[in-house]
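Fold and geometry: a report
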Amino acid sequence: AKRNGRNRFEYFTAAMDEMARMRRTIENDLRDAISGRQLRLYYQPITDGELKTILGYEALMRWHHPQRGIILPGDFIPIAEETGLIHSLGAYALYEACREAKSWTGEQTVSVNLSPIQFKNSGLISIVEGALQESGLPPSRLEVEITESVLLDDTLGNIRTLQSLKALGVLIALDDFGTGYSSLSYLRSFPFDKIKIDKSFINDMADSREALAIIRAITGMSRSLDIQITAEGVESAEQFAKLREEGCTLFQGYLFGRPQPAETRLTSL
Ligand code: C2E
Ligand code: CA
Ligand code: CA
Ligand code: CA
């Protein structure tokens, strides 16, 4: 029994070692990725209820790893956040998205995800200003997407940062709404331009009364607060019809288009 125990322990340590090695590899590779131009932004359209126009695009990062192929953000953003690499990665996203959006013929907005860690950098505002200045993109065409964790941590400091962003003329969206602590009182702490309902609610809405009730609560409140609601992760025509009926005004999801590289960005629906 003793020997068995030790074996299990050895297996366990070996697995831990392997995981740690893997993380170090990703971490080292990620440093090269930034300098080696392996990070790309993919653009996913956001449309209105009439489906006639694309109003904007969300920029979503992909890592084109020379050996491993395309890596999704879920597999490298958390490591970038833990190592602090998110600061350079996030600055890259802002500069690149603004430069790209400036090249579009239309007036569509570009939405960039900001990590809560980026709010710990007092230089965030000047990075956003720099991205706008260097690209020449009007601030009203840049939107940043933040999650509610930004409002939980260093609340006053972060709200000041959001106010400075707003003063620049940048739009601010509250992402993944309904997940986490999601208190409706967050909506009083800052005048968000948009709320994005998390795709898990859209996914569950047909079978879950709770999911539908939450969507209704959010759209009901948005009407009185005059905030636009984006439904994300819309995959079916049924979901789209129902969400329109419930009062969502903006839509994003595979039904309309998947995230695409800049070169093949969807320009019509
Ligand atoms: P998010 O901001 O909630 O982005 C929406 C995610 O839903 C994206 O996943 C998108 O590809 C996916 N999606 C869009 N439509 C559909 C649909 O109809 N069905 C399904 N199942 N999924 C859909 P993605 O691209 O893997 O990104 C995951 C997360 O990584 C993002 O979630 C965001 O939190 C983070 N992320 C992506 N790019 C960046 C970035 O440049 N900076 C930071 N800080 N985070 C990023
Ligand atoms: Ca987002
Ligand atoms: Ca989201
Ligand atoms: Ca999400």
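Look up: the structure comes first, before these words.
The following refers to the structure shown.

Definitions and limits used
- Residues numbered from 1 in each chain as written.
- Chains lettered and ligands numbered in written order.
- Predicted model: local features only at pLDDT ≥ 70, side-chain atom pairs only at ≥ 80, totals over all residues.
- Heavy atoms only, no water.
- Patch = residues over 30% accessible without salt bridge, like charges linked within 9 Å, V, L, I, M, F, W, Y side chains within 5 Å.
- Areas by Shrake-Rupley, 256 points an atom, 1.4 Å probe, with all protein chains shown as cover.
- Salt bridge = Lys/Arg side-chain N within 4 Å of Asp/Glu carboxyl O.
- Helix = DSSP H or I, 4+ residues; strand = E, 2+ residues; numbered from the N terminus.
- Buried < 20%, exposed > 50% of the residue type's maximum accessible area, 1.4 Å probe, protein only.
- Donors = N, O, S within 2.8 Å, 3.2 Å for Na, K, Ca; no water.
- Core = buried A, V, L, I, M, F, W, Y, C linked by side-chain atoms within 4.5 Å.
- Contact = heavy atoms within 4.5 Å.

**Re a nonpolar patch on the surface**
Where nonpolar side chains cluster on the molecular surface, the patch consists of Phe9, Phe12, Met16 and Met19 and spans about 470 Å² of accessible area. In this structure, Met16 sits in helix H1 (residues 2–35). We classify Met16 as partly exposed; its relative accessible area is 43%.

**A look at the coordination of the calcium ion (ligand 4)**
The protein atoms that coordinate the calcium ion (ligand 4) are Asp176 (OD) and Asp176 (OD), at distances of 2.8 to 3.0 Å. By the element assignment, Asp176 lies in strand S6 (residues 171–177).

**What to know about the coordination of the calcium ion (ligand 2)**
The protein atoms that coordinate the calcium ion (ligand 2) are Glu58 (OE), Asn113 (OD1), Glu145 (OE) and Asp175 (OD), at distances spanning 2.1 to 2.3 Å. Of note, the calcium ion (ligand 2) draws all its donor residues from one chain, in the sequence arrangement E-x54-N-x31-E-x29-D. The class for Glu58 is buried, based on a relative accessible area of 5%. Owing to a relative accessible area of 8%, Asp175 belongs among the buried residues under this scheme.

**Overview of the nonpolar core**
By size, the foremost hydrophobic cluster in this structure holds 70 residues, and its most contacted members are Tyr43, Leu94, Val110, Leu142 and Leu243. The dominant element in this core, judged by the number of residues it contributes, is helix H3 (residues 86–102), at 7 residues. Setting aside anything within four residues of it in sequence, one finds Leu142 in contact with Leu94, Cys98, Val110, Val112, Val128, Leu132, Leu137, Val170 and Leu171.

**Remarks on the pattern of salt bridges**
Scanning all chains against the criterion turns up 13 salt bridges. Between Arg244 and Glu50 there is a salt bridge; the shortest N-O distance is 3.7 Å. Residue Arg244 is located in helix H10 (residues 237–246), and its partner Glu50 is located in the loop between strand S1 (39–48) and strand S2 (54–65); the two are separated by 194 residues in the primary sequence. A residue is classified by how much of its surface remains accessible, and Arg244, at 39% relative accessible area, is partly exposed. A salt bridge links Glu143 to Lys194, with the shortest nitrogen-to-oxygen separation between them at 2.8 Å. A residue pair is termed long-range when its members are at least 10 positions apart, and Glu143 in strand S5 (residues 142–146) and Lys194 in strand S7 (residues 194–197) qualify at 51 residues. Among the residues examined, Lys194 registers a relative accessible area of 13% and is labelled buried. When salt bridges with common partners are traced through the structure, they connect Arg216, Lys242, Glu245 and Glu246 into a single cluster.

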